[in-house]
Amino acid sequence: MIRRRPTRPRGRHRDGQAAAPVPHYTWDHEARAEAAMLEITWPGWAVLYGTGSRLFHAITTWPTPEPLLLCDRTVDGLKAQMREAEMTAITQRWALAGPGRS
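Source: prediction; values computed, not measured.

For helix α1 (residues 29-41), which comprises 13 residues, the first-to-last C-alpha distance of 18 Å matches the rise-based estimate of 18 Å (1.5 Å per residue) to within 8%. If you check which residues of α1 are buried, you get A31, A35 and L38. For α1, the angular spread of buried residues about the axis comes to 60°, placing them on one side.

Below, the structure is given as structure tokens:
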């Protein structure tokens, strides 16, 4: 069976009439604000909140051997991962330089 399109146009726009305004939604504005604040307080990191994934993401902005992307459902969990990544980077740099070298 073949379905035919309705004769009346659908949607918010009709011929000869002005377009109806569509409201703009800000999804998860509290979480996005937390991510923005975390990015300000942790230099060297780009912090984002994914509205689709509902995860906080942190990306290093300092040079690393390979890209470092951290994800967590909470800000506190992400902070712990970021702290651990920074400590690992510091200890690896110190190990490569060796004791007594800067």
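Having seen the model, we can carry on.
The next subject is the pattern of salt bridges. Any two side chains of opposite charge can pair, given that their charged atoms come close. Applying the stated rule across the entire model yields one salt bridge. Ionic pairing is found between R54 and D28, a salt bridge with its closest N-O pair at 2.6 Å. Of this pair, R54 sits in the loop between β1 (45-50) and β2 (55-60) while D28 sits in the segment before α1, placing them 26 residues apart in sequence. On the basis of relative accessible area, R54 is assigned to the partly exposed category, the value being 44%. The exposure class of D28 is partly exposed, given its relative accessible area of 22%.

Here we come to the layout of surface pockets. Left-over empty space is what a probe sized like a water molecule reveals as it rolls over the atoms. The computed volume of the largest pocket comes to approximately 280 Å³. Surrounding the largest pocket, 13 residues form its lining, W62, T64, P65, A89 and Q92 being those nearest its centre. Its residues assigned to classes, the lining of the largest pocket comprises eight nonpolar, three polar and two charged.

Among the nonpolar cores identified, the biggest contains 16 residues, and W45, V47, L78 and M82 are the most heavily contacted of them. Considering every element that reaches this core, the biggest residue donor is helix α2 (residues 75-97), with five residues. Setting aside anything within four residues of it in sequence, one finds L78 in contact with L38, V47, F56, H57, A58, L70, C71 and D72.

Right, let's talk about the side chain of T60 for a bit. Inspection of the secondary structure puts T60 in strand β2. For T60, a relative accessible area of 12% corresponds to the buried category. In contact with T60, not counting residues within four places along its chain, are G44, W45 and L68.

The next point concerns the packing of aromatic side chains. How two aromatic rings sit relative to each other is set out by the distance from centre to centre and by the angle between their planes. In total, this model carries two aromatic pairs according to the counting rule given. Pairing Y49 with F56 gives two aromatic rings, centres 4.8 Å apart and planes at 55°, and the pair type is tilted. The burial state of Y49 is the same as that of F56; both residues are buried.

Rules and cut-offs
- Residues numbered from 1 in each chain as written.
- Predicted model: local features only at pLDDT ≥ 70, side-chain atom pairs only at ≥ 80, totals over all residues.
- Heavy atoms only, no water.
- Helix = DSSP H or I, 4+ residues; strand = E, 2+ residues; numbered from the N terminus.
- Expected span 1.5 Å × (residues − 1).
- Buried < 20%, exposed > 50% of the residue type's maximum accessible area, 1.4 Å probe, protein only.
- Arc of directions from axis to C-beta.
- Salt bridge = Lys/Arg side-chain N within 4 Å of Asp/Glu carboxyl O.
- 1 Å grid on protein atoms, 1.4 Å probe; cavity = no way out; pocket = protein on both sides within 12 Å on 5 of 7 lines; lining within 4 Å.
- Points joined across faces, edges and corners; volume = space filled by probe spheres on them.
- Nonpolar A, V, L, I, M, F, W, Y, C, P; charged D, E, K, R; others polar.
- Core = buried A, V, L, I, M, F, W, Y, C linked by side-chain atoms within 4.5 Å.
- Contact = heavy atoms within 4.5 Å.
- Phe/Tyr/Trp six-rings, centres within 6.5 Å; stacked < 30°, edge-to-face > 60°.

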